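# Chains, contacts and geometry: an overview
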Amino acid sequence: GEHLAVFRSQDGQAHVLDAHCPHLGANLAAGGRGGGGCIECPFHGWQFRGEDGKCTRIPYAGKVPDSARVRVWPSCEVNGMVLVWYHRQGLDPTWAVPEQCEITSEEWVFRGQTEHLVDVHIQEIPENAADTAHLAFLHGPAILGGSDPRYTRSRLWDFMKHTWKAEWQPEPEPNAHCSRLLLQHSATIFGKRLSLMDLTVSARQVGPGLVYLIFEHAFLGRGIILQTVTPLEPLLQSVVHKIYYQKNIPAIVPKFILRAECVQFERDITIWNNKEYLSKPLLVREDSGIQRHRRWFSQFYSEGSATAPAREEGLDW
């Protein structure tokens, strides 16, 4: 729900400010111009410094009021993305986003992206990693069956199955804001294992809205899908997947991987778009990973948050 203005100063540094000019409320991002480390309001030409948000010039005024400034959002540019830090109480960042060296060195190159709008509580998306029980049921049927769960279990595609082995764990300090999911994927056709489809995926969750999915294949090399979850409204998330892959591998390989991942992700979206968030779900012992994940994710709610879920220890069987 926030409106932001993003621009680059002459040294290439990206800056993120509140979008609306404190003068008469014009949107700095709608017609504003960058220059000299500042962004210029398109309405009256007030200029605001990207570094601290202070107004440095008003073309028709002899003096700039000391209070003339816009809010600056903590941001960084990593892996080809401008990332913004949000905290309900306005506290400064407590951890940094890791750089994927293969992207920075251009050993891995951009090969495409997908974007989805998901009508769901933001916590539901990463929680999927700890819900290993859904993998066999929702993601076991062949991707040839498409993304609509009404048809994925059709006998037409029953000759092919996906098998997933998954293990989710939170990381220890100083990376307690991260967690890891290790996925081993294999596929069978008419009951026989197709080794060409063997794939190892290491998914690292960094904070509530960023995931690094590193793919490793015996013959087709290595690459990464960067998943970002950006809240647009309380129950509306924009989820983007960007794939980077070894530049010596034909582009059709990462495009196929992205397409396959997209089909599987859209199966989740069908569920998410039609479910509700349950703060006290009915769980069985095999679902203990979900409760562990909720305890881990609770760190991203501040005490002042009206939407912080109950932090309960253990499960009621």
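How each quantity is defined
- Residues numbered from 1 in each chain as written.
- Predicted model: local features only at pLDDT ≥ 70, side-chain atom pairs only at ≥ 80, totals over all residues.
- Heavy atoms only, no water.
- Domains from an automatic or database assignment.
- Buried < 20%, exposed > 50% of the residue type's maximum accessible area, 1.4 Å probe, protein only.
- Helix = DSSP H or I, 4+ residues; strand = E, 2+ residues; numbered from the N terminus.
- Contact = heavy atoms within 4.5 Å.
- 1 Å grid on protein atoms, 1.4 Å probe; cavity = no way out; pocket = protein on both sides within 12 Å on 5 of 7 lines; lining within 4 Å.
- Points joined across faces, edges and corners; volume = space filled by probe spheres on them.
- Nonpolar A, V, L, I, M, F, W, Y, C, P; charged D, E, K, R; others polar.

Structurally, the chain comprises domain 1 (4–73) and domain 2 (101–295). Relative placement of domain 1 and domain 2: their C-alpha centres are 40 Å apart.

On to helix α6 (residues 288–297). In terms of residue burial, α6 counts as a mostly covered element, since seven of its 10 residues are buried. Looking at α6, one finds that the buried residues are Gly289, Ile290, Gln291, His293, Arg294, Trp296 and Phe297. Taken together, the buried residues of α6 touch α2 (124–127), β10 (160–170), β11 (178–189) and β13 (199–206).

Before going further, it helps to examine the layout of surface pockets. Of the voids in this model, the largest pocket is the one considered here, and its volume is about 2,100 Å³. Val84, Tyr86, Ile122, Pro208 and Pro231 are, among the 49 residues lining the largest pocket, the residues nearest its centre. Breaking the lining of the largest pocket down by element, the ones donating at least two residues are β7 (75–78), β8 (81–84), β15 (221–233) and β16 (236–246). For the lining of the largest pocket, the leading source of residues is β15, giving six residues. For the lining of the largest pocket, the residue count by class is 28 nonpolar, 15 polar and six charged.

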